[in-house]
Amino acid sequence: MSIALKKLIDTVEQTLKPWLFKDYAPNGLQVEGRSEIKKIVSGVTACKALLDGAIAADADAILVHHGYFWRGENACLTGMKRRRIGQLIKHDISLIAYHLPLDAHSDLGNNACLGRLLGFDITGGMDADVLTSIGLTGQLEKPLSLKSLGERIQQVLGRTPLLIEGGSHEIKTVAWCTGGAQGYIEKAFALDVDAYISGEISEQTTHFARENGIHYIAAGHHATERYGVQALGEWLVTTLGVEHQFIDIDNPA
Ligand SMILES: [Zn+2]
């Protein structure tokens, strides 16, 4: 069955509430294609390989976490950006992107999904306002060593995480924030958790973890952000009856 593009966007926005967030890129419809949507392809990033996959899958719209038009980037449609957007327009396919609202949503969000997958009991947000909090805090059902938690993450995400030891303590409490949120380790430390998990790592993250006695796990930017967009796609299948297919474009980062 097909649904009007406008109705699809309205339905998503009623649940993701993008107006609550100050974001680095526009949320919602970024490139407008045909007005009726039967099939959605989702993916983490609107790279060329995902566009090719969506065209081959006969998609009417592409739903992503990382879209286009980031704050501070060159706004001109040249080079890689021209090729990507040109391909979308040529095939009359819409690009729909949700960044922070899709990190934060309490059920469909990247952080909620990752917490569930890793078996954490969610206890709150890393920020005071849990509705817009980008990271979450939680508890493990029983204490684990850093190595054992690393093995669980490896199993669930299919990618070997980088483990930085912040001491010899076991892990009972955790904070996590998917993607490139290694800088939030200071926030996690202030929350007094045993370990903090994000996607990427910076040089100084290691020293912060070691000197402040908090374990740090870099579990992969792509690997930790695969789940929100899939959950949203599946939610649209049950809510609006559209077809949905997730296409994973592997990325070791
Ligand atoms: Zn990201």
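Residues numbered from 1 in each chain as written. Predicted model: local features only at pLDDT ≥ 70, side-chain atom pairs only at ≥ 80, totals over all residues. Heavy atoms only, no water.

A. Highlighting unusual backbone geometry. Despite not being glycine, aspartate 58 has its phi angle at roughly 65°, a positive value. Judged by its relative accessible area of 60%, aspartate 58 is exposed. In this structure, aspartate 192 is a non-glycine residue whose phi angle is positive, near 65°. For aspartate 192, a relative accessible area of 64% translates into the label exposed. (Buried < 20%, exposed > 50% of the residue type's maximum accessible area, 1.4 Å probe, protein only.)

B. Representation of the coordination of the zinc ion within the structure. Bound to the zinc ion are the protein donor atoms His66 (NE2), His221 (NE2) and Glu225 (OE), situated 2.0 to 2.2 Å from the metal. Mapped onto the sequence, the residues coordinating the zinc ion show the spacing H-x154-H-x3-E. With histidine 66 in strand β5 (residues 61-66) and histidine 221 in helix α9 (residues 221-224), this residue pair connects regions lying 155 residues apart in the sequence. For the pair histidine 66 and histidine 221, one class covers both residues: buried. (Donors = N, O, S within 2.8 Å, 3.2 Å for Na, K, Ca; no water. Helix = DSSP H or I, 4+ residues; strand = E, 2+ residues; numbered from the N terminus.)

C. View of the domain arrangement of the protein chain. Domain parsing of the protein chain yields domain 1 (3-103 + 225-245) and domain 2 (105-224). Using only C-alpha atoms to locate each centre, domain 1 and domain 2 end up separated by 27 Å. If you look at the interface, domain 1 gives 19 residues, while domain 2 gives 18 residues. Between domain 1 and domain 2 lies a buried interface of about 1,600 Å² when both sides are counted; carbon and sulfur atoms form 58% of it. Per-residue buried area on domain 1 facing domain 2 is highest for Asp103, Glu225 and Tyr227; these three make up 42% of the total on that side. One can count 0 salt bridges joining domain 1 with domain 2. (Domains from an automatic or database assignment. Contact = heavy atoms within 4.5 Å. Buried area = accessible area lost by both parts, 1.4 Å probe. Salt bridge = Lys/Arg side-chain N within 4 Å of Asp/Glu carboxyl O.)

D. Expanded view of the packing of aromatic side chains. This model, assessed by the stated rule, comprises 4 aromatic pairs. Measuring from centroid to centroid gives 5.0 Å for phenylalanine 120 and tryptophan 176, while their planes differ by 50°, and the two rings are tilted. Placement of phenylalanine 120 in the loop between α5 (110-117) and β7 (121-125) and of tryptophan 176 in strand β10 (residues 171-176) is noted, with a sequence separation of 56 residues between them. The buried category is assigned to phenylalanine 120, whose relative accessible area is 8%. Its relative accessible area of 0% is what places tryptophan 176 among the buried residues. (Phe/Tyr/Trp six-rings, centres within 6.5 Å; stacked < 30°, edge-to-face > 60°.)

E. Local environment of the environment of tryptophan 19. With respect to the helices and strands, tryptophan 19 occurs in the loop between α1 (5-16) and β2 (28-31). With a relative accessible area of 57%, tryptophan 19 lands in the exposed category. C-alpha of tryptophan 19 to C-alpha of proline 101: the two residues are 82 residues apart in sequence and 8.8 Å apart in space.

F. Expanded view of the environment of phenylalanine 21. Along the chain, phenylalanine 21 falls in the loop between α1 and β2. Overall, the relative accessible area of 14% leaves phenylalanine 21 in the buried class. Expressed as a C-alpha distance, the spacing of phenylalanine 21 and proline 101, which sit 80 residues apart in the sequence, is 6.8 Å. Setting aside residues up to four positions removed in sequence, phenylalanine 21 forms contacts with Leu16, Leu100, Pro101, Ala104, Leu131, Thr132 and Ile134.

G. The packing of helix α2 (residues 48-56) against helix α3 (residues 79-90), seen in detail. Packing of α2 against α3 leaves a shortest axis separation of 10 Å and a crossing angle of 15°. By the angle between their axes, α2 is roughly parallel relative to α3. Crossing angle aside, the handedness with which α2 passes α3 is left-handed. Where α2 approaches α3, its residues Lys48, Leu51, Asp52 and Ile55 are matched on the opposing element by Arg84, Gln87 and Leu88. (Axes fitted to C-alpha atoms, helices over the stretch in contact; angles between N-to-C directions. Parallel < 35°, antiparallel > 145°, perpendicular 65-115°, else oblique. Left-handed = near helix turned anticlockwise from the far one by under 90°.)

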